[in-house]
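Take a look at the letters that make up each chain.
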Amino acid sequence: MEWLCRVRGRLKKGPREVQTVAVAGDRVRFLAVDEKDDPPKGVIEEVLPRRTRISRLASRRSGGQVEQVLMANLDQVVAVQSLWDPVPQKGFVDRLMVAAERFGVKGILILNKYDLMDESGEDPAWNYFEELGYTVVRTSAESGLGLDHFRTILANQISLLIGASGVGKSSLLNLIQPGLRLRVNEVTEKTGLGRHTTTRTELFPLEGGGFIADSPGIRGFNPWDIDPTDVGDYFPDFAAGSGNCRYRTCMHRDEPECGVKDDVVRGRIPGWRHEAYLLLLRDLEERLDRTGRRR
Ligand SMILES: Nc1nc2c(ncn2[C@@H]2O[C@H](COP(=O)(O)OP(=O)(O)OP(=O)(O)O)[C@@H](O)[C@H]2O)c(=O)[nH]1
Ligand SMILES: [Mg+2]
Ligand SMILES: [Zn+2]
């Protein structure tokens, strides 16, 4: 049964934190206020401790170091990219997988719109994520490719779909779980971007067991609560090389005798992967500087 609940005022610590008080996936204790109403109404009195969560730094507009919890109590985060229309976002998957490692949830990559792939073939970057141990599934909401595989990955798990607007998150979910009738919208021809059709994160039960959350398209993603000096720890492919860095505190950037950079030169780590690391590092440092915290 579905209850429409507001959050008890005392649970909100300030306007900025409201978006994080109760999120999709939370387990709550609530008080029935009007059972006979349609839908029945209640008030959330308590949000129970979260087993897991996935969070990012809230937008700059909401002021520096603010946690935005995207979902609570999830088992896996599913990064959705489309091969075309919109084109993949550089570094997005790397960042989501860093967040998955940081928050102890499984990371999965969906490559959607496979029907739109041209002769130039698939970017070898995607294979690399597979080699790193992440599950990668090629799908098409148009042809049905990969949907059975995707379904088995979601069964009995609590999952979050996340990716840019227009990549096909809601379209995939409509096929995985018929009857949902989620709204989908064309990608605009002019900009090649989606229209932000889904506007809130919503959790749905799956027929075969488990739950899945659809979420609004996002562009940037800075994982919450990662110290710049630790970012490298969340890149599993850096582990071997960093054992050979001259300095124990090596950030694998400008330092001499860096084992990670050696691995890049030798072709063991692709250049784009190191680049994604450097950009994430820069973004996290920049945020700390802006909010006046130590570096
Ligand atoms: N050719 C092709 N088009 C697809 C595929 N999947 C989705 N689309 C189309 O892409 C457009 C955007 O799909 P949505 O499902 O609304 O995308 P979304 O990721 O939910 O977007 P937001 O809700 O804005 O975040 C729609 O016109 C879909 O029909 C696919 O596999 N192949
Ligand atoms: Mg959508
Ligand atoms: Zn190094």
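Structural notes, computed from the coordinates. (Residues numbered from 1 in each chain as written. Chains lettered and ligands numbered in written order. Predicted model: local features only at pLDDT ≥ 70, side-chain atom pairs only at ≥ 80, totals over all residues. Heavy atoms only, no water.)

Re the site of ligand 1
Point 1. D115, A141, S165, S171 and T198 are the nearest of the 23 residues found near ligand 1.
Point 2. In this structure, A141 approaches ligand 1 through a main-chain N or O atom, which is 2.7 Å from an oxygen atom.
Point 3. Against a free-state accessible area of 660 Å², the protein chains account for coverage of 89% of ligand 1.
Point 4. Broken down by element, the residue count for the shell around ligand 1 peaks at three residues, all from helix α5 (residues 169-176).
Point 5. Partitioned by chemical class, the residues of the shell around ligand 1 number six nonpolar, 12 polar and five charged. (Near = heavy atom within 4 Å. Polar contact = N/O pair within 3.5 Å; in protein donor to acceptor, adjacent residues only side chain to side chain. Areas by Shrake-Rupley, 256 points an atom, 1.4 Å probe, with all protein chains shown as cover. Helix = DSSP H or I, 4+ residues; strand = E, 2+ residues; numbered from the N terminus. Nonpolar A, V, L, I, M, F, W, Y, C, P; charged D, E, K, R; others polar.)

Focus on the pairing of strand β8 (residues 135-138)
Point 1. In the sheet, strand β7 (residues 106-112) pairs with β8 via four bridges, with the strands oriented parallel. Among the inter-strand pairings, L111 is bridged to a residue of β8, identified as R138.
Point 2. In this fold, the crossover linking β7 to β8 by way of helix α3 (residues 124-131) has right-handed handedness. (Pairing = 2+ DSSP bridges. Right-handed = clockwise from strand over helix to strand, strands pointing away.)

Remarks on the sheet that holds strand β9 (residues 158-162)
Point 1. The mixed open sheet is built from six strands, whose spatial order is β8-β7-β6-β9-β11-β10. Looking at which strands have only one partner, the edges of the open sheet turn out to be β8 and β10 (202-205). The sheet shows a mean angle of 25° between the axes of neighbouring strands, direction not considered.
Point 2. Note: β10 against strand β11 (residues 211-214), four bridges, orientation antiparallel. If you follow F204 over to β11, its bridge partner there is I212.
Point 3. With respect to the sheet, helix α2 (residues 92-103) is in contact with β6 (76-82), β7 and β9, its orientation differing from that of β6 by roughly 180°. (Axes fitted to C-alpha atoms, helices over the stretch in contact; angles between N-to-C directions. Contact = heavy atoms within 4.5 Å.)

Remember, this is a structural readout, not a statement about activity or role.
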